[in-house]
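Observations on the model geometry
So the chains spell out like this:
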Amino acid sequence: MEQFPAKNPNPVIIVKDDGKVISSNGAGEPLLHEWGVGIGEKLPSFIGDFVQRVISRNIPEKMEVKVGKRVYIVAFHPFPEEECINLYGFDISDQKELEEKLRIKEKQNDVLFKIGKIALEYESLQTVMDESVKLITSILELEYCKIMELLPNGNFLLRAGVGWKYEFVGKAVVGGEKESQAGYTLLSKMPVIVEDFEEENRFKKPGILKTHGVASGASVVIGSVEKVFGVLCVHSTKKRTFTSDDTYFLNSVAFLIAQVVERKKAEEALKKAHDSLEVKIKERTSELEKAYISLKENEKSLSEAQRMAHIGNWDWNILTNEIYCSDELYRIFGFNPQEISANYEAFLSHYVHPDDRDYVDNAVKKALKGEPYSIDNQILTANGEERTVHAQTEVIFDINNDPVRIRGTLQDITEHKKAEVALVNLETARKKEIHHRIKNNLQVISSLLDLQAEQFKNKENIKDSDVLEAFRESQNRVTSMALIHEELYKGGEFETLDFSPYIEELTENLFLTYRLGNTRISLNMDLEKNIFLDMDTAVPLGIIINELVSNSLKYAFPGRDKGEIRIKLCREKTRECINSIEESTNEGCRSAIFTLTVSDDGVGIPESLDLENLDTLGIQLVVSLVDQLDGGLELKRNNGAEFTMRFTVSGKQ
């Protein structure tokens, strides 16, 4: 154990309870350097305070520390018997980097899916290219992207682009010799990366790049060696290092564009052939055969593109109840074509997850009535694996408006959904930690107020009751806010608070604070359940309840050994709003009106005292907070004091 810190590859640092560093292994020195301390020196205040908190609570805690390009999780473990605390560091840089790469890969896959979808939806090749370059610049966070089409004379035309001056797109021509980046890319037949054009010596920097202040760039070929369409280029005004992941993404986009180009060419050739088929049947026979062969080749290429993007397509003939599926669709389900029953009933009963069969069937029925169809659902593969897919369909109607065919696409989004869940879990943990830290900080403030009040007790020239009461009131106000954050991180919701349990805990704390001797002051609460309020409403309401209940405990029962304080919170059933949380999300319910009543059967407030002009800080604070909530406040003086507040809360309750 004595050799454990020295031989541990991770940082191990031992600190005294006063924040002074006792020892550190070699791996811990970068952390000490980041904090600006050495052996025998005290940690900086923000770390020292954290150490003190861990020691005082005797509970291990963690914090994230960035040292240069590395990220560590540092665990603080207290050892009260040795009057020290051990710091253990764990390098999570690779995990952080992996998370970032996963996020980028998911976004790139999403772009590939969108480009594939655009290719299916739009007939215009120019539209496909224009939308593609927009998506590329967005995902790679660059200023410029262009598609350079190879012309018959060997030069390149800037066919589509983003970021370039208007007069260049569709008009600018760049030389195709090997001295240009486009020409060099075509000759090299592999991705070309330029980190700094000023130092580039393989080819010249074209005038268009100089005009736009381009510093770095990357380019890939669009098409195969036999069927080159052009070059896809991206550029940045800042020096940038393009990774293999970047070039793989660019190659994937270039592959999709090449398939679209070839498919559009084949479709155009077929269209021209059909336009003159009757008058040139013999002359065009050979060309049609070539076009057919080209179309089959393109279908094969499109199948490969679908495989890369995990997108399959299908076509259901409603009249014959037969379904055609692409190769990728079979791969998604894990079946060979001869192993799957190609009809709707078999598909629904065998390949759709049982929990989603009614959902899918209802969506199909709605689509047959003309409603849009775009859903996510679960499927079962051949080996019983559950996966998630996104499906979109188009219904074709005959002249009588009866559906005759349905065709669509289906994409495997299982990994995308898993990434979404992972990100949601990370965000949930982050929000919980924020509320936990705020609550802890407010408790520290409350403790400091308590310590300060203890110091004033021994001052001879201080009016004990007034000063200590002021500290106690401030401490209770801070506690009322801290309880809100505690309820938020303890519960499942982080944006709204179940307010009734919060009131119960708040009043319990107040009674513990103000209960003296054997005084029997009872509390009667009538609180409606499932009232969820956001922070902007919950915090002022909590302070209002704190002030009114504290006021009753302090002043309502002088010379009496018993009394009652009552709190009532309810929702007024006005308009279309109702009590149920689930039902109150209806479109017709946009707001709810609430009534809060705090009363006691004490001595009451004299008629001569005006609620608006009371000089007590607590009542002034209540009036101000009611105004802040745009509410109304009413005081009744019969048989004690009764404060009634009405306020409106917008949104889901």
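Residues numbered from 1 in each chain as written. Predicted model: local features only at pLDDT ≥ 70, side-chain atom pairs only at ≥ 80, totals over all residues. Heavy atoms only, no water.

Our next topic: the packing of aromatic side chains. The geometry of an aromatic ring pair comes down to the distance between the two centres and the angle between the two planes. Using the criterion set out here, one finds six aromatic pairs in the structure. Where F594 meets F647, the ring centres are 5.6 Å apart and the plane angle is 20 degrees; that geometry is what we call stacked. Taken as a pair, F594 in strand β21 (residues 591–600) and F647 in strand β23 (residues 641–650) lie far apart in primary sequence, 53 residues in all. For the pair shown, F594 and F647 are each scored as buried. (Phe/Tyr/Trp six-rings, centres within 6.5 Å; stacked < 30°, edge-to-face > 60°. Helix = DSSP H or I, 4+ residues; strand = E, 2+ residues; numbered from the N terminus. Buried < 20%, exposed > 50% of the residue type's maximum accessible area, 1.4 Å probe, protein only.)

Here we take up the environment of S216. In this structure, S216 sits in strand β10 (residues 216–223). A relative accessible area of 0% places S216 in the buried class. Expressed as a C-alpha distance, the spacing of S216 and T237, which sit 21 residues apart in the sequence, is 6.6 Å. Residue contacts for S216: discarding those within four places in its chain leaves V194, E195, D196, F197, V234, H235, S236, K238, K239, R240 and F242. At 3.4 Å, the side chain of S216 forms a polar contact with the backbone oxygen of K238. (Contact = heavy atoms within 4.5 Å. Polar contact = N/O pair within 3.5 Å; in protein donor to acceptor, adjacent residues only side chain to side chain.)

This part is about the nonpolar core. Within soluble globular proteins, side chains that are nonpolar generally end up buried alongside one another. F499, L541 and I544 are the most contacted members of the largest nonpolar core, which has 43 residues in total. Elements with a minimum of two residues in this core: α15 (499–514), β18 (520–527), α16 (535–555), β20 (562–572), β21, α17 (617–628) and β23. Broken down by element, this core gets its largest block of residues, nine residues, from α16. If we ignore the near neighbours within four places in the chain, the residues touching F499 are I531, L533, A538, L541, G542, I545 and L569. Of all hydrophobic cores here, the second largest spans 33 residues; its members include V111, I118, V128 and I222. (Core = buried A, V, L, I, M, F, W, Y, C linked by side-chain atoms within 4.5 Å.)

Let's shift gears to the packing of helix α5 (residues 125–140) against helix α8 (residues 244–275). Put simply, α5 and α8 touch, their axes get as near as 11 Å, and they point 170 degrees apart. Relative to α8, the element α5 lies roughly antiparallel. Of the residues in α8, those touching α5 at L125, V128, S132, I136, I139 and L140 are D246, F249, L250, V253, I257, V260, V261 and K264. Class assignment for the residues of the contact of α5 with α8 results in 11 nonpolar, one polar and two charged. (Axes fitted to C-alpha atoms, helices over the stretch in contact; angles between N-to-C directions. Parallel < 35°, antiparallel > 145°, perpendicular 65-115°, else oblique. Nonpolar A, V, L, I, M, F, W, Y, C, P; charged D, E, K, R; others polar.)

Peptide bonds are, in most cases, trans, and in most cases residues other than glycine have a negative phi. With a phi close to 55 degrees, E83 is a non-glycine residue in the positive phi region. If you trace the backbone, E83 turns up in the loop between β4 (70–79) and β5 (84–91). Although it is not a glycine, N639 adopts a positive phi angle of roughly 55 degrees. Take N639: it is sitting in the loop between β22 (632–636) and β23.

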